[in-house]
Amino acid sequence: MEERSANYRVMIVDDEAILRTGMLHLCNWSEYGIEIVAQASNGLEALQYIEDVHPHVVITDIVMPIMDGVEFAKIMGMEHPEIKIVVLSSYSEFNYVREVFKYGVTDYLLKPKVSAAELISLIQSLCSGMDLSEQNQPSVKNDPALLLGQWLGSSHIEEDKHNDALLQELGRRFDSELFVMAKASTSLLLLRTTYTQSQLEQILLDLAAKHLHGLSYALVFLKNECLLLVNYESDRSVEILSALKRFADSASEALSYMSFVLSNPFQDLRQMKSEHIRLTPYLGKLLYFTGQALVAEDDITVQSEKAEFNQEHFTAALRSFSIDEASAQLETLFSENTDSMAYDEYSLKRLCQNLIYTAMSTLEQMKQPVAELGSSKLKLFKRIDLAYDIEELRGIILQFLQNLKEILPAPEQQQSPILQQIYAYVHKNYANEISLSEMADSLHLNYSYLSSYFKQRTGENLTSYINRVRTDKAKELLMDHKLSVSEISRLTGFSDHNYFSKVFKKITGMTPVEYRNKIPS
């Protein structure tokens, strides 16, 4: 369909931002000669926009805070009877809706079933008899935040004439030298608090009005995100940064679970969409900045090489009930990642959940009494999902390990299963050449970890232990005078006779021959 300039101006009034955003992007309105010129979260806010945007049609909810749809329709009927009012509400409110029809409401649509085709047809029908000759006059004042929201939510900018018109209008509003953008996620905040989207928006709008007064800015609310764009001259850079920090600090204090990433300055408004997209990965690194409400993008490491966490070491510590060691490994993980920012928020949380799953599975297989902790595993996963920063995440998983420590045997009360496996392997293979790497593979352990694990728990090097087992076997065989010392060397895994004698003397204080000579005949 050939695109036309917009003829019919429409305002949306609803306290649910998700619904407003959904309607905004329900279709390409400009294809049908329709322009969404304003949004409002309640009737009072909508009345403040009327004189600026001059809508032909207002689509409004009924149940809203501050000023509901009934009062709004009553005022509109008296002050702006030429504007068509359409009620958009739910089945349960129909008796309530009846009251608004006496104030000139034109039609009623059901929220669950409203479609783009239905709305387009209704708007075109309502506006069909209007005199639209003044529609294209440049005096219409659109809300910059609404224009930005329309532009950011659209696609194929270069091919869309309507978006070019939006940018031209925005260019008239934002004509200073530089732009800077602060971006935040709102999803965790809405999950962890009782704030509605409308309440969240109002708080941020009020804070922006307080701390950014006198500046050229727009606060845009998208799905699960908010963007703050500020336009300024370069000689005001210090002032702008100070104002943004006051705004972000106030938002963090008021809302608790909110922090912003601050872009570097850019000169072209057309860059905003690419900046918006580019900054998205930075949001996933904000958890490393505990207590900071505004973080400059240059302070964030987006790409860094991961020092992979060795889950085999972690599992080995659990099998030996060495919970302190497992905790130390996780402390190292959090410490290293706080410095490197190697994991983003999603990846780090998934790793923590996977470690908890691994811990529970390992201990359940060992018949340990962890059923009670296992039953609350989903709640624990939820807490991890809702963790706001690295310190909260660290506290959750270390507390989990502390809970394990309280129900598991102390390490000294039960010999490590890994040590048992090492002992069994050596006693079974002492007569053959023992490769530590093959032993590690057989026990499903890392080679270097195998040696350090054994030394840590026994105070003895693994190679020394193997030689001690072989020497003990050699002492038994030396009692059989039919066997030569060379044969005994071979039977106990010493391929070199001289090395056998050297090891034997180091452990017993005498050579194999001297030891045999002391044995009674």
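Residues numbered from 1 in each chain as written. Predicted model: local features only at pLDDT ≥ 70, side-chain atom pairs only at ≥ 80, totals over all residues. Heavy atoms only, no water.

**Some remarks on the overall build of the protein chain**
Next up, step 1: Helix and strand counts for the protein chain stand at 25 helices and 10 strands.
Next up, step 2: The contacts of the protein chain with a sequence gap of at least 6 include a subset with a gap of at least 24, amounting to 71%.
Next up, step 3: Accessible area of the protein chain: about 25800 Å², with a carbon and sulfur share of 49%. (Helix = DSSP H or I, 4+ residues; strand = E, 2+ residues; numbered from the N terminus. Contact = heavy atoms within 4.5 Å. Areas by Shrake-Rupley, 256 points an atom, 1.4 Å probe, with all protein chains shown as cover.)

**A short note on the packing of helix α17 (residues 377–385) against helix α18 (residues 390–407)**
Next up, step 1: Interhelical geometry of α17 versus α18 gives an angle of 160 degrees and a closest axis separation of 9 Å. The angle between α17 and α18 falls in the class roughly antiparallel. Once α17 is placed against α18, the crossing between them reads as left-handed. For the pair formed by α17 and α18, the contact residues are Leu 380, Arg 383 and Ile 384 on the first element and Leu 393, Ile 396 and Phe 400 on the second. (Axes fitted to C-alpha atoms, helices over the stretch in contact; angles between N-to-C directions. Parallel < 35°, antiparallel > 145°, perpendicular 65-115°, else oblique. Left-handed = near helix turned anticlockwise from the far one by under 90°.)

**As for the pattern of salt bridges**
Next up, step 1: Evaluated as defined, the whole model comprises 13 salt bridges.
Next up, step 2: Arg 278 is the partner of Glu 275 in a salt bridge, and the nearest nitrogen-oxygen pair spans 2.9 Å. On the criterion of helical spacing, the pair formed by Glu 275 and Arg 278 is a turn pair, its members being three residues apart in helix α11 (residues 272–278).
Next up, step 3: Taking relative accessible area as the criterion, Glu 275 reaches 10% and is therefore assigned buried.
Next up, step 4: The exposure class assigned to Arg 278 is partly exposed, which follows from its relative accessible area of 31%. (Salt bridge = Lys/Arg side-chain N within 4 Å of Asp/Glu carboxyl O. Buried < 20%, exposed > 50% of the residue type's maximum accessible area, 1.4 Å probe, protein only.)

**A word on the packing of aromatic side chains**
Next up, step 1: Under the counting rule described, the total for this entry stands at nine aromatic pairs.
Next up, step 2: On the basis of an interplanar angle of 45 degrees and a centroid distance of 5.1 Å, the ring pair of Phe 494 and Phe 500 is categorised as tilted. With respect to class, Phe 494 is no different from Phe 500; both count as buried.
Next up, step 3: Arranged with centres 5.8 Å apart and planes meeting at 65 degrees, the rings of Phe 500 and Phe 504 form a pair that is edge-to-face. (Phe/Tyr/Trp six-rings, centres within 6.5 Å; stacked < 30°, edge-to-face > 60°.)

**Re the sheet that holds strand β5 (residues 105–110)**
Working definition: the strands of a sheet are paired by backbone hydrogen bonds and lie parallel or antiparallel to each other.
Next up, step 1: Here we have five strands laid out as an open sheet, ordered β2-β1-β3-β4-β5, and parallel in their pairing. Across the chains shown, the open sheet's two edge strands, defined by having one partner strand only, are β2 (34–40) and β5. Across the sheet, the mean angle from the axis of one strand to that of its neighbour is 25 degrees, orientation sign disregarded.
Next up, step 2: Judged from the four bridges that link them, strand β1 (residues 8–13) and strand β3 (residues 57–60) form a sheet pairing that is parallel. When the sheet's bridge partners are listed, Ile 12 is paired in β3 with Ile 59. (Pairing = 2+ DSSP bridges.)

**Digging into helix α22 (residues 462–477)**
Next up, step 1: Along its 16 residues, α22 runs 23 Å from first to last C-alpha, staying within 8% of the 22 Å computed at 1.5 Å per residue.
Next up, step 2: Within α22, burial applies to Leu 462, Tyr 465, Ile 466, Asn 467, Val 469, Arg 470, Thr 471 and Ala 474.
Next up, step 3: Considering only its buried residues, α22 is in contact with α19 (417–429), α20 (436–442), α21 (447–458), α23 (485–491) and α24 (497–508). (Expected span 1.5 Å × (residues − 1).)

**Looking at the confidence of the model for the protein chain**
Next up, step 1: On average, residues of the protein chain score 83 in pLDDT, and 88% of them are at 70 or above.
Next up, step 2: Per-element mean pLDDT across the protein chain ranges from 61 in helix α4 (residues 94–101) up to 97 in strand β9 (residues 260–262).
Next up, step 3: Of the regions scoring below 50 in pLDDT, residues 1–5 engages in 15 contacts with residues more than four places distant in sequence or in other chains.
Next up, step 4: In the model, residues 134–141 has pLDDT below 50 throughout and makes 14 contacts with residues more than four positions away in sequence or in other chains. (pLDDT = per-residue confidence, 0-100.)

**Observations concerning the packing of helix α14 (residues 323–340) against α18**
Next up, step 1: One way to put it is that α14 packs onto α18 with a least axis distance of 10 Å and a crossing angle of 175 degrees. In this view, α14 runs roughly antiparallel relative to α18, as classed from their interaxial angle. Of the residues in α18, those in contact with Ile 323, Asp 324, Ala 326, Ser 327, Leu 330, Glu 331, Phe 334 and Thr 338 of α14 are Ile 390, Leu 393, Arg 394, Ile 397, Leu 398, Leu 401, Leu 404 and Lys 405.
Next up, step 2: Within the contact of α14 with α18, the residues separate by chemical class into 10 nonpolar, two polar and four charged. (Nonpolar A, V, L, I, M, F, W, Y, C, P; charged D, E, K, R; others polar.)

**Some thoughts on the pairing of strand β8 (residues 225–232)**
Next up, step 1: The buried fraction of β8 is high, at eight of eight residues.
Next up, step 2: The alternating pattern of β8 places Glu 225, Leu 227, Leu 229 and Asn 231 and Cys 226, Leu 228, Val 230 and Tyr 232 on opposite faces, both of which are buried.
Next up, step 3: As paired elements, strand β6 (residues 178–185) and β8 share eight bridges and run antiparallel to each other. Within the sheet, the bridge partner assigned to Ala 182 lies in β8 and is Leu 228.
Next up, step 4: Hairpin connection of strand β7 (residues 216–222) to β8: two residues between the antiparallel strands, including Asn 224 at a positive phi of 65 degrees.

**A closer look at helix α5 (residues 116–127)**
Because an α-helix packs 3.6 residues into every turn, residues spaced three or four apart end up facing the same way.
Next up, step 1: In this model α5 runs 16 Å from its N-terminal to its C-terminal C-alpha over 12 residues, within 8% of the 16 Å that 1.5 Å per residue would give.
Next up, step 2: Packed against the buried residues of α5 are β1, α1 (17–24), β2, β3, β4 (84–89) and β5.

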